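This is what each chain is made of:
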Amino acid sequence: MTIQTVATKPFAGQRPGTSGLRKKVTEFQQPGYLENFVEAIFLTLGGGKGATLVLGGDGRFYNRSAIQTILRMAAAHKVQKVLVGRGGILSTPAVSCVIRKRGAFGGIVLSASHNPGGPDGDFGIKYNIENGGPAPEKITEAIYAHTQTLSEYHISDAGPVNLDEIGATTLDGMTVEVIDPVADYAELMSRLFDFDAIRELFQRGFTMRFDGMSAVSGPYAKAIIEGMLGAPEGTVINDEPLEDFGGHHPDPNPVNAFDLVALMNGPDAPEFGAASDGDGDRNMIVGRKLAVAPSDSLAIIAANATLAPGYRDGLKGIARSMPTSQAADRVAAALGIACFETPTGWKYFGNLLDANLATLCGEESYGTGSNHIREKDGVWAVLFWLNLIAATGKSVNRIVREHWARFGRNYYSRHDYEAVDAAAADRMMLALRGKLASLAGQRFGEFRVAQADDFVYTDPVDQSVATKQGIRIIMSDGSRIVLRLSGTGTEGATVRVYLERYEADPSRHDLDTQEALAPLIAIAEQVSELKQRTGRNEPSVIT
Ligand code: G1P
Ligand code: ZN
């Protein structure tokens, strides 16, 4: 078997985002395209010689073929060992877990998260470092720089490797170990949560529905919830990862997980509903007639954390992304711990977790996690809720209502305007930035603007500064309007408008969310002129 050196063209100006390179499958299928990015990863690592790497993906179309290519390239770069999930399957949290547990040098995750899959869908690749988290910007920038200049890549002509059988083989001198994709992760979960109590809960007849959305979390939920925790068969549905996700849009929110929400609103609702996304890092928590807002879920997990064995000693701190509601801040204040406000994106939590400044972190976009790994973690959040339900004997509804009664309710919603004209969106943001100074002190009906700015974050650990992280209009009562442009959309620009209003009075905790937020929605429109500037009358998605 020989190592080949293949001439290739550099990328033409395609800067990967912070979640790696995400493109249409058809782009990835161009000769040399995937290889270019993988070669750039190896060049950035200084070759990869002697390293152990973890490799796997969410099972979407092109996953298997990409894995064979990456294995052959890893062999050519004299990587010592690659741990691959059986069938090429590893959820994003599982990659993070395996890297940490096995002391690997890093890992490659193949996923486009919640973006649709299939031959006409999206594919993606990202590199995670030895702490199990996404590569920081200096590494992603170095990878990008190499993609612009390299002229050849190295690949073995050996292979293919059988990905469907557990065990070790060699490929041109490199060890390929096919591992059970679930085992390491399940073992970690069993140490964090009270599996005995949850098992008893199911034995008593507790009913649940977990929707795997035909994406990667299915095998994890099936093995843990039905296998280890004894929930009846059929508790986990759509549990097989399909190359096109069975046509589902595997992004769990009340719009995409419509079936689950309808079930939970209907007469045959189980006691608990949950779903995860394409690569298994997002989560949605649903009670009977109640979809729990992700910001509330973070706050509730934080307030009850010591009920789970892995968090028995309490929390060091909580971190939330800036647009996430301030519900967690109230819990942190009550616990006497810090609450960090970071820019949008999981990577900003890494330093806080590594430095042990925060134990829990979360985003409004259905992402919750902790210091157990360095990615957000869908199944972990679901198990946390199961642990809370088992330990308290209370329903999801009651847990949420009691939380609001104690801390107040942060009414919260996000309005997305997708695929809008990028230039118009940029002009809108520019105009808004120009207005910020004049907004301070201004009155809008019952609200007075206390502060208006463009969020700037200084990392408390390495002092790095991130600017222009979103326009904040903060009212004197703590209500907020936040506007920012998405960094993950693939078509035009996506404008996100985040709305939050605090209500302490329990007799006012049953309002319709959109009605409760209506005055803020009107102010957001008045200030941004979003409708006129984008030509849109309605948000594309409301969550
Ligand atoms: C979105 C979410 C953000 C999340 C990211 C990756 O990014 O809003 O919270 O970290 O996906 O899952 P955005 O498109 O808003 O830049
Ligand atoms: Zn995801």
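This text goes with the structure placed above it.
So, a few notes on the structure that sits alongside this text. (Residues numbered from 1 in each chain as written. Chains lettered and ligands numbered in written order. Predicted model: local features only at pLDDT ≥ 70, side-chain atom pairs only at ≥ 80, totals over all residues. Heavy atoms only, no water.)

Turning to the overall build of the protein chain, a few remarks are in order. Along its length, the protein chain carries 17 helices and 27 strands. For the protein chain, whose C-alpha radius of gyration is 23 Å, the value lies close to the compact-globule estimate of 24 Å for 543 residues. Dimensions of the protein chain along its principal axes, counting C-alpha atoms only, are 75 × 60 × 40 Å. Residues counted as buried form 56% of the 543 residues belonging to the protein chain. Counted over contacts in the protein chain with a minimum sequence separation of 6, partners at least 24 positions apart contribute 73%. Surface summary for the protein chain: the accessible area is close to 20600 Å², and the carbon and sulfur share equals 48%. In the protein chain, which carries 53 positive and 65 negative side-chain charges, the distance between the mean positions of the two groups comes to 4 Å. (Helix = DSSP H or I, 4+ residues; strand = E, 2+ residues; numbered from the N terminus. Rg over C-alpha atoms; globule rule 2.2 N^0.38 Å. Buried < 20%, exposed > 50% of the residue type's maximum accessible area, 1.4 Å probe, protein only. Contact = heavy atoms within 4.5 Å. Areas by Shrake-Rupley, 256 points an atom, 1.4 Å probe, with all protein chains shown as cover. Lys, Arg positive; Asp, Glu negative; His and termini not counted. Charge placed at Lys NZ, Arg CZ, Asp CG, Glu CD.)

Attention shifts here to unusual backbone geometry. At the junction of Gly-159 and Pro-160, the peptide bond is cis and its omega measures out at 0° in the coordinates. Tracing the backbone shows Pro-160 in the loop between strand S7 (152-156) and strand S8 (167-171). Positive phi, close to 50°, is recorded for Asp-172, a residue that is not glycine. Here Asp-172 shows up in the loop between S8 and strand S9 (174-179). Its relative accessible area of 25% is what places Asp-172 among the partly exposed residues.

On to the sheet that holds strand S20 (residues 443-444), then. Pairing within the open sheet is antiparallel, and its seven strands lie in the order S20-S21-S24-S25-S26-S19-S27. The outermost strands of the open sheet, each flanked by one partner alone, are S20 and strand S27 (541-542). As paired strands, strand S21 (residues 447-454) and strand S24 (residues 471-475) are joined by five bridges and run antiparallel to one another. Opposite Asp-453, over in S24, you have Arg-472 as the bridge partner. (Pairing = 2+ DSSP bridges.)

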